[in-house]
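Structural description and commentary
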Amino acid sequence: SFVFIQDFSKAMSQAGSSQFQEVIRQELEYSMKVELDKILATAHSNEIEHTKKDLEGFKKLFHRFLQEKGPSVDWGKIQRPPEDSIQPYEKIKARGLPDNIASVLNKLVVVKLNGGLGTSMGCKGPKSLIGVRNENTFLDLTVQQIEHLNKSYNTDVPLVLMNSFNTDDDTKKILQKYSHSRVKIYTFNQSRYPRINKETLLPIAKDVSYSGENTECWYPPGHGDIYASFYNSGLLDNLIAEGKEYIFVSNIDNLGATVDLYILNHLMNPPNGKRCEFVMEVTNKTRADVKGGTLTQYENKLRLVEIAQVPKAHVDEFKSVSKFKIFNTNNLWIALSAIKRLQEKNAIDMEIIVNPKTLDGGLNVIQLETAVGAAIKSFENSLGINVPRSRFLPVKTTSDLLLVMSNLYSLNAGSLTMSEKREFPTVPLVKLGSSFTKVQDYLRRFESIPDMLELDHLTVSGDVTFGKNVSLKGTVIIIANHGDRIDIPAGALLENKIVSGNLRILDH
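Residues numbered from 1 in each chain as written. Predicted model: local features only at pLDDT ≥ 70, side-chain atom pairs only at ≥ 80, totals over all residues. Heavy atoms only, no water.

The feature "binding site: substrate" (unreviewed entry), as annotated in UniProt, sits at His 223 in this numbering. In this fold, His 223 is placed in the loop between strand S9 (218-219) and helix H8 (226-232). Dropping the residues within four chain positions of it, His 223 is found in contact with Leu 113, Met 162, Gln 190, Asn 251, Asn 330, Thr 370, Ala 371 and Val 372. (UniProt positions renumbered as here; feature names shortened; annotations may be inferred. Helix = DSSP H or I, 4+ residues; strand = E, 2+ residues; numbered from the N terminus. Contact = heavy atoms within 4.5 Å.)

Spatially, three strands are ordered S8-S16-S15 in an open sheet, and the strand pairing comes out antiparallel. Each having just a single partner strand, strand S8 (196-197) and strand S15 (353-358) make up the two edges of the open sheet. Examined bridge by bridge, S8 and strand S16 (residues 364-369) share two bridges and lie antiparallel to one another. The partner of Asn 197 across the bridge, within S16, is Val 365. (Pairing = 2+ DSSP bridges.)

On to the UniProt feature "binding site: UTP" (unreviewed entry) in the protein chain. Feature annotation in UniProt places "binding site: UTP" (unreviewed entry) on Lys 127, Gln 190, Gly 222, Asp 253 and Lys 396, given in this structure's numbering. Along the polypeptide, Gln 190 turns up in the loop between strand S6 (185-189) and strand S7 (193-194). For Gln 190, a relative accessible area of 9% gives the class buried. Along the chain, Lys 396 falls in the loop between strand S17 (383-386) and helix H13 (398-405). On the basis of relative accessibility, which here comes to 39%, the residue Lys 396 falls in the partly exposed class. With residues up to four places along the chain from it excluded, the contact list for Lys 396 reads Ser 120, Met 121, Lys 127, Asn 251 and Asp 253. (Buried < 20%, exposed > 50% of the residue type's maximum accessible area, 1.4 Å probe, protein only.)

Take the domain arrangement of the protein chain next. Assigned domains within the protein chain: domain 1 (75-391) and domain 2 (398-500). Using only C-alpha atoms to locate each centre, domain 1 and domain 2 end up separated by 30 Å. At the junction of the two partners, domain 1 supplies 16 residues and domain 2 supplies 16 residues. When domain 1 packs against domain 2, the two sides together hide about 1,200 Å² of surface, and 63% of this comes from carbon and sulfur. Counting the surface domain 1 buries against domain 2, the share from its top three residues, Met 121, Val 132 and Arg 133, is 43%. Seen at the junction of domain 1 and domain 2, the total is zero salt bridges. Joining domain 1 to domain 2, the criterion identifies five residue pairs in polar contact (both at pLDDT 80 or more). Of the residues forming the side of domain 1 that touches domain 2, the biggest block, four residues, is contributed by helix H6 (residues 138-153). Each residue belonging to the side of domain 1 that touches domain 2 can be placed in one class, and the counts come to six nonpolar, nine polar and one charged. (Domains from an automatic or database assignment. Buried area = accessible area lost by both parts, 1.4 Å probe. Salt bridge = Lys/Arg side-chain N within 4 Å of Asp/Glu carboxyl O. Polar contact = N/O pair within 3.5 Å; in protein donor to acceptor, adjacent residues only side chain to side chain. Nonpolar A, V, L, I, M, F, W, Y, C, P; charged D, E, K, R; others polar.)

Pairing is parallel in the open sheet, where four strands are placed in the order S20-S21-S23-S25. Lying at the two open borders of the sheet, with one neighbouring strand each, are strand S20 (429-432) and strand S25 (493-500). Averaged over all neighbouring strand pairs, the angle between strand axes comes to 15°, with direction disregarded. Relative to strand S21 (residues 451-461), S20 runs parallel, the two sharing four bridges. Residue pairing in the sheet places Lys 431 in a bridge with Thr 459 of S21. Most of the contacts of H13 go to S20, to which it runs at about 130°, and overall it touches S20 and S21. (Axes fitted to C-alpha atoms, helices over the stretch in contact; angles between N-to-C directions.)

For Ala 413, which is not glycine, the phi torsion reads 50° and is therefore positive. If you trace the backbone, Ala 413 turns up in the loop between strand S18 (409-412) and strand S19 (415-418). Residue classification places Ala 413 among the partly exposed residues on the basis of a relative accessible area of 28%. In this structure, Asn 469 is a non-glycine residue whose phi angle is positive, near 55°. Mapped onto the secondary structure, Asn 469 falls in the loop between strand S22 (464-466) and strand S23 (471-479).

For Asn 331, the location among the structural elements is in strand S14 (residues 326-335). Looking at Asn 331, its side chain comes within polar contact range of the side chain of Asn 254, at 3.1 Å.

Turning our attention to H6. In this model H6 runs 23 Å from its N-terminal to its C-terminal C-alpha over 16 residues, within 8% of the 22 Å that 1.5 Å per residue would give. Listed as buried for H6 are Phe 138, Leu 139, Asp 140, Leu 141, Thr 142, Val 143, Gln 145, Ile 146, Glu 147, Leu 149 and Asn 150. Among the residues trailing H6, Asn 154 stands out with phi positive, at a value near 55°. (Expected span 1.5 Å × (residues − 1).)

Soluble globular proteins: nonpolar side chains tend toward being buried together. Counting residues in hydrophobic clusters, the biggest one holds 107 residues, and the most contacted among them are Ile 226, Tyr 227 and Phe 466. Top element by residues in this core is H6. It accounts for six residues. When residues of this core are assigned to domains, at least three fall in each of domain 1 (75-391) and domain 2 (398-500). Not counting residues within four places of it along the chain, the set of residues in contact with Ile 226 comprises Val 111, Leu 113, Met 162, Phe 188, Tyr 231, Val 249 and Val 372. Counting residues in each nonpolar core, the second largest holds 27 residues, with Ile 39, Phe 65, Trp 218 and Ile 352 among its members. (Core = buried A, V, L, I, M, F, W, Y, C linked by side-chain atoms within 4.5 Å.)

What follows is the structure, encoded as structure tokens:
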């Protein structure tokens, strides 16, 4: 009894009577259950246990997807967070550090979200294995940072990587190279959920395998999956048994997300004696961040509101830098005992993100996801901390990569800090055109990374290459029109310049 529906939400709104809607919902859930059972029946005996857990988790998410009336928050209920619910970092830092910082550090676990592939930058395999600085990858820098902490304070802070089925094998192979480093490294896997056909709302997978042509049938369901998969892996309980109390979670491609001792101390030794179960680092929005999720007060709880949840009529207001001044960096500090308690009560509530995709063959699918920060409203005594922008240094594109490879930053024990030679602390705005999108093309176009200490803005478009030791200052715009090519010669200084047309320096 399949019900084919062009557009589920449209059908629901037209369906009118709640009884009829309920019948449709039940039919869809029943059809889904039948399909998932068929998939499970194809699993080998050694896969049955975790496949079953994955499909159970998916079934719960699908059930909620059918129940919920769209993503919108009730705009009228959104309030500014109360003064004390978002603390300035300066105030937290001013408390200083206790003498026994090692005993505080020994309660910490660093968790990096490592499920993403480098595809948006034209790389195969895990994004964390892309070289960022002096041949060091994101993962190398992370290990160096934690090793430096452990050596400096004689502590045992472990690193936990949340992999996805896309990144697990490649990551595990590379981990052998850290076997002698002073960091214990653990991994666990995100769930693997089936993509569903947008029109039938049924899985496109016919069996449990996810290699070859079946890779497109499955997806990792967003980083909100961390709570269930961390708990299900058994690692959460092991770390609690070892006396660990907090995790510091961040995206592995955010190079600013290093362990901050002042925030950790604030968590472990709260000024009012009442511990926070969840801290979200936020930072001030610039024009580049208008789409970032923001913290609001909603029904007496701190709540993360993402742009996808905002009713269309209010999107411009949401993007305004004056009304919503901050956004979520996705650097989060969460109490392990609270994750365990909430997970066991099935009480972690995160909005569902419906992510539409078109597969290579043209099929429209949707994947249901959740975001880790959205759970803030389920925890007790949550807090936002407004941190300096330097704690948010994500590398999503080769434009970001150019910044972190340049002399704007110096590298010390795995941590990047803004060079003291730069006179103002803001980062230049860099826009590299489509000829630079893939990492290998980008690397081919720079003989060496230009001096950018005095750069404010760089736009490059078209077939452009840079010779060695180029300096860029002020605002520089370089545009090679279709069919033209511009070679910036070695040693050139471009200051407040627009370069266009054809420019080739020929070596005789």
